[in-house]
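Observations on chain architecture
This is what each chain is made of:
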Amino acid sequence: MSTEWLSDHLHEPNTRIVESNEDVLLYDTGHLPGAVHIDWRQDLQDPLVRDYISPKAFAELCSRNGIGPDTTVLFYGDKSNWWSCYALWAFRLFGHEKVKILDGGRDKWIKEGRAVTKEKPQFAQTEYPVPAKRYDAEIRAFYEEALEQSKAARPLIDVRSPGEFKGEVTHMPEYPQEGVLRGGHIPGARSVPWKTAVKDDATFKSADELQAIYTKGCGLKPDDDIVAYCRIGERSSHTWFVLTYLLGYTKVRNYDGSWTEWGNKVRAPIERS
Amino acid sequence: MDKSCNEPPEPPDPPSVYPPKLAAIIGLFESLPEEEKRENLVAYSEQSRRQEPKEGEKFDLEDVRKDEECTDTVGVFLRVDAENRAHFRITLGPQVQTLTKAMTSILCKGLEGATLGEIMELPADFVPRIVGGHLVRIRSHTVYYILTRMKSACKVLLNRQRAERA
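**Points about the overall build of chain B**
Each helix and strand counted, chain B has nine helices and three strands in total. In chain B, the succession of helices and strands from N to C terminus is α-α-α-β-β-β-α-α-α-α-α-α. Every one of the 166 residues in chain B was classed for burial, and the buried ones make up 32%. Long-range pairs, those at least 24 residues apart, make up 66% of the contacts in chain B between residues at least 6 apart in sequence.

**Considerations on the domain arrangement of chain A**
Residue and element names in this part refer to chain A. Taken domain by domain, chain A comprises domain 1 (3–134) and domain 2 (140–262). Spacing between the C-alpha centres of domain 1 and domain 2 amounts to 23 Å. Taken together, the contacts link 15 residues of domain 1 with 14 residues of domain 2. Broken down by secondary-structure element, the contributors of at least two residues to the side of domain 1 that touches domain 2 are α3 (82–93) and α4 (105–111). Examining the composition of the side of domain 1 that touches domain 2, we find that seven residues originate from one element, α3, more than from any other. Here the residues of the side of domain 1 that touches domain 2 are counted per class, giving eight nonpolar, four polar and three charged.

**Here's the deal with the sheet that holds strand β1 (residues 61–65) of chain B**
Residue and element names in this part refer to chain B. Strand order in the open sheet formed by three strands is β1-β2-β3, with antiparallel pairing between adjacent strands. What marks the edges here is a single partner per strand, and that holds for β1 and β3 (86–92). With strand direction ignored, the average angle separating the axes of adjacent strands in the sheet is 10 degrees. In this structure, strand β2 (residues 74–80) lies alongside β3, joined through seven bridges in antiparallel fashion. Note that in β3 the partner of Phe77 across the bridge is Arg89.

Parameters at a glance
Each residue is numbered by its place in its chain's sequence as written, counting from 1. Here the convention is simple: chains get letters from A, ligands get numbers from 1, in the order in which they are written. Given that this is a predicted model, residues contribute local features only at a pLDDT of at least 70 and side-chain atom pairs are listed and counted only at 80 or more, while totals for whole chains, interfaces and linings are drawn from all residues. The secondary structure listing takes helices from DSSP runs of H or I that are at least 4 residues long and strands from runs of E that are at least 2 residues long, numbered from the N terminus. The burial label depends on the number of other C-beta atoms within 10 Å of a residue's C-beta. Counts of 20 or more mean buried, 12 or fewer mean exposed, and intermediate counts mean partly exposed, with C-beta atoms placed from the backbone. Any pair of residues counts as being in contact when their C-beta atoms, constructed from backbone geometry, are within 7 Å of one another. Segmentation of the chain into domains, including their bounds, is taken from an automatic or database domain assignment. Polar here means any residue outside two lists: the nonpolar Ala, Val, Leu, Ile, Met, Phe, Trp, Tyr, Cys and Pro, and the charged Asp, Glu, Lys and Arg; Gly therefore counts as polar. A pair of strands is labelled paired if DSSP reports no fewer than 2 bridges between them. An axis is simply a line fitted to the C-alpha atoms; with a helix, the fit covers only the stretch in contact. Between two such axes, the angle follows the N-to-C directions and lies from 0 to 180 degrees.

Put into structure tokens, the structure is as follows:
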């Protein structure tokens with residue numbers, strides 16, 4: 001959805017605007033009118049085990065934010081929508097189907113001088129039913145599956161920066177080292193940085209341009225079994241969104257363990273190039 | 001027997017290891033519930049532009065650089081007065097995160113007039129007391145950066161002073 005569209009539909013019934021950022025206090029400095037804040041780490045991840053929250057916790061999260069199973073959730077955030085794509089992907093893990101992303105994210109909205117407020121909205125509590133399952137098998141890949149993908153020479157898309165892919169650095173440019181012991185990439189992975197999919201203002205490229213990159217350039221077919229990964233799964237959520245929602249690919253999984261798992265795993269095979 | 005008779009008197013509070021202005025800010029934040037703590041951090045972040053150098057100010061050290069630990073360029077400007085007390089100014093690039101902006105205002109105010117030695121000896125354990133343990137846990141890499149840069153500037157000046165004395 002565009003900033004223009006959202007500006008005209010801020011108070012649409014049965015929708016909820018959700019801001020998800022890397023900057024943990026950014027929402028508090030001002031946000032879209034009516035937007036609630038869902039933090040990718042505090043709200044969506046288990047506080048102890050490296051995993052997502054349980055279906056019951058997800059139902060509680062939605063309920064206290066006034067989200068029902070039929071609510072259309074409109075995500076936006078900072079950093080070119082990395083974390084909002086991550087939150088959207090997490091919502092899909094729990095089977096929530098009505099989701100959209102604000103094209104260009106928070107920065108575009110602010111640059112256009114559109115309305116922001118510090119007022120935190122209160123919505124009536126809903127009774128979100130506890131999802132019967134988490135769709136890990138459908139849209140999430142674990143280490144063993146990424147390894148199998150590599151061995152079977154099925155498409156693996158590394159969306160990190162070229163320096164990370166080549167093993168020249170073990171962290172994202174401008175970010176601290178987060179304890180990864182080895183640099184490089186999963187054998188057989190192809191480097192297609194997430195940024196390839198967006199213009200300078202962080203809006204998504206056109207469908208024709210995206211097809212030229214992923215379909216023609218990478219040879220990916222719409223029904224290919226594809227696994228995308230990055231460092232912890234946020235940038236690859238962005239690519240997962242592009243492939244799934246903008247190009248209509250049917251079997252894309254996000255390996256959220258990504259390089260912080262692979263690059264530390266004893267005897268995990270690594271390529272450098 | 002009255003048990004309290006055998007107990008030694010409470011020792012007086014040890015002197016604060018923090019400069020008085022910083023100790024006051026720490027005390028304020030520690031008294032706040034989580035939501036008000038966030039509101040105060042945002043309020044401090046909104047004052048970060050006020051910490052920039054003013055026209056005509058001169059500094060003993062200017063350290064402007066972009067590190068991998070921070071999302072944008074940070075400039076640390078340090079002036080030391082005749083009593084060897086530090087006066088900081090800091091510039092932040094537009095991509096710097098809100099917590100870093102807040103810590104910039106807090107530290108510029110809290111360390112105003114502290115000696116270089118006091119700043120170098122300053123333990124970092126006050127940061128979670130201001131920011132809250134929860135925010136430190138979920139975004140630990142952003143909260144210590146400005147303090148590290150300020151200490152780094154002090155160290156350079158102290159080394160320079162030692163070299164001049166030698």
